[in-house]
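Fold and contact review
For reference, the chains in residue letters:
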Amino acid sequence: MTAAPRFVAACVQMRSGRDPLANRDAAVALVREAADAGADYVQTPEMTSLVEREKARLFANVTVPDEDPTLAALREVARERGIVVQIGSLAVRNGDKIANRAFLIDAAGAVTASYDKVHLYDVDLPNGERWRESATYTGGACAVVADTPWAPIGVTICYDIRFPALFRALAEAGATVITAPACFTRQTGEAHWHVLHRARAIETGSFMISAAQGGQHEDGRETYGHSLIVDPWGKVLADAGGNEPGIILAEIDLARVTEARARIPALLHARPFTVERIGRPA
């Protein structure tokens, strides 16, 4: 019987600012650090190259993917170190708006998959923060499961984690590892980040790997950090803490997916149903 694959995964935690080239250099250094520490797969957070809430400044600092300096640099690092790199996301031009796009890069430096964030963060928080991603970003319409040398990886971004149907669909399509790299606000992160990751892992019997932004950013926002690696039983294998840039690593043993899904085979037990509303006032 063939043993289930194992690999070492790393999350890069960042505090990206308004200078894309400075952010690129920080990402490159941390990805190399993770590779040197033994990582086979390294993931960066959402908005790796730029965290900017002012629309005019955002548009002035983004370009199409083929011209993006962070994408080019991390492709080179993947080839140089012989590792798989997942860029949590970059802001890239997409017509008159911007796409929030993830990229998966193989060990030869080739982009093998990309994913545009489906669910856009349009919310008003109790502390007065107001976010309208739909005013700037285009929403994606296609979920992605991408093959790697070890496992099919389901790709999501940040706010997507609040939509469990997406995660179930990815698992049903074959994903055994699912990712939700993020730029989560501190307020919502403190309340929900850990529980959402553990819930999505448990519901799908999958590993969850999510790199995050953390700390006070130049554009005024504060993000929660706590890059996470969670196993299919909901156990947190690694947590980067709240504020400081750095890396976390954990061994991913895909046998745990088989074990978790055998113990609680929820993916096999879904049944069609209808919903009946009873007693609604006239």
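Preceding block: the structure.
This write-up is about the structure you can find in this document.

As for its position among the elements, Asp-253 is in strand 17 (residues 246–253). You can call Asp-253 buried: its relative accessible area is 13%. Within the structure, Asp-253 has its side chain in polar contact with the side chain of Arg-6 (distance 3.1 Å). Not counting residues up to four positions away in its chain, the partners in contact with Asp-253 are Ala-4, Pro-5, Arg-6 and Phe-207.

The next subject is the pattern of salt bridges. The full count for this structure, using the stated rule, is 19 salt bridges. Glu-52 serves as the salt-bridge partner of Arg-18, at 2.6 Å between the closest nitrogen and oxygen. Residue Arg-18 is located in the loop between strand 1 (6–13) and helix 1 (20–36), and its partner Glu-52 is located in the loop between strand 2 (41–43) and helix 2 (55–60); the two are separated by 34 residues in the primary sequence. Assessed through its relative accessible area of 6%, Glu-52 is described here as buried.

Below, the discussion takes up the nonpolar core. Counting 45 residues, the largest nonpolar core has Tyr-41, Val-177 and Ile-252 as the members making the most contacts within it. Setting aside chain neighbours within four positions, we find Val-177 in contact with Phe-7, Ala-151, Pro-152, Ile-153, Gly-154, Ser-206, Phe-207, Ile-209, Ile-252 and Leu-254. The next biggest cluster of nonpolar side chains, apart from the first, holds 24 residues, and it includes Val-12, Val-77, Phe-103 and Ile-105.

Time to look at the sheet that holds strand 15 (residues 228–230). One open sheet accounts for 6 strands, arranged 9-10-11-12-15-16; its pairing is mixed. Sheet topology places strand 9 (144–147) and strand 16 (236–239) at the edges, where each strand pairs with a single neighbour. Along the sheet, successive strands turn relative to each other by an average axial angle of 20°, direction set aside. Bridging between strand 11 (residues 177–179) and strand 12 (residues 207–210) involves 3 bridges; their strand directions are parallel. Counterpart to Ile-178 in the pairing with strand 12 is Met-208. Seen against the sheet, helix 4 (residues 164–172) touches strand 9, strand 10 (152–155), strand 11 and strand 12 and runs at an angle of roughly 145° to strand 11. Packed onto the sheet, helix 5 (residues 186–204) meets strand 11, strand 12, strand 15 and strand 16 and runs at close to 30° relative to strand 15.

Turning our attention to helix 3 (residues 69–81). Relative to the 18 Å expected for 13 residues at 1.5 Å per residue, helix 3 spans 18 Å between its end C-alpha atoms, a close match to the ideal helical length. Along helix 3, the residues that are buried comprise Thr-70, Leu-71, Ala-73, Leu-74, Val-77 and Ala-78. Summarising the axial view, the buried residues of helix 3 lie within an arc of 165°, below the 170-degree limit, and thus occupy one face. Where helix 3 is buried, its residues contact helix 1, strand 3 (84–94), strand 4 (97–105) and strand 5 (111–116).

Turning our eyes to something else, we now look at unusual backbone geometry. One non-glycine residue, Met-47, lies in the positive phi region at around 55°. Along the chain, Met-47 turns up in the loop between strand 2 and helix 2. We classify Met-47 as buried; its relative accessible area is 7%. Positive phi is not limited to glycine here, since His-226 has a value of about 55°. By relative accessible area, which is 16% here, His-226 ends up buried.

So, on to the side chain of Thr-48. Locating Thr-48 in the fold gives a position in the loop between strand 2 and helix 2. There is a polar contact of 2.7 Å between the side chain of Thr-48 and the side chain of Thr-44. For Thr-48, the residues in contact, after removing those within four places along its chain, are Met-14, Ser-16, Asn-23, Ala-27, Thr-70, Ile-87, Gly-88, Ser-89, Leu-90 and Gln-213.

On to the packing of aromatic side chains, then. On inspection of all chains with the given rule, the structure shows 4 aromatic pairs. Look at Phe-7 and Tyr-41: their rings are 6.2 Å apart centre to centre, the planes differ by 80°, and that puts the pair in the edge-to-face class. Of this pair, Phe-7 sits in strand 1 while Tyr-41 sits in strand 2, and the two are 34 residues apart along the sequence. Exposure remark for Phe-7: the relative accessible area of 2% places this residue in the buried category. Between Phe-7 and Trp-150, the aromatic rings sit 4.6 Å apart at their centres with planes inclined by 20°, giving stacked as the arrangement. Of this pair, Phe-7 sits in strand 1 while Trp-150 is found in the loop between strand 9 and strand 10, placing the two residues 143 residues apart along the sequence. For the pair Phe-7 and Trp-150, one class covers both residues: buried. Following the ring pairs from residue to residue traces out a cluster consisting of Phe-7, Tyr-41 and Trp-150.

Reading the values: rules and limits
- Residues numbered from 1 in each chain as written.
- Predicted model: local features only at pLDDT ≥ 70, side-chain atom pairs only at ≥ 80, totals over all residues.
- Heavy atoms only, no water.
- Helix = DSSP H or I, 4+ residues; strand = E, 2+ residues; numbered from the N terminus.
- Buried < 20%, exposed > 50% of the residue type's maximum accessible area, 1.4 Å probe, protein only.
- Polar contact = N/O pair within 3.5 Å; in protein donor to acceptor, adjacent residues only side chain to side chain.
- Contact = heavy atoms within 4.5 Å.
- Salt bridge = Lys/Arg side-chain N within 4 Å of Asp/Glu carboxyl O.
- Core = buried A, V, L, I, M, F, W, Y, C linked by side-chain atoms within 4.5 Å.
- Pairing = 2+ DSSP bridges.
- Axes fitted to C-alpha atoms, helices over the stretch in contact; angles between N-to-C directions.
- Expected span 1.5 Å × (residues − 1).
- Arc of directions from axis to C-beta.
- Phe/Tyr/Trp six-rings, centres within 6.5 Å; stacked < 30°, edge-to-face > 60°.

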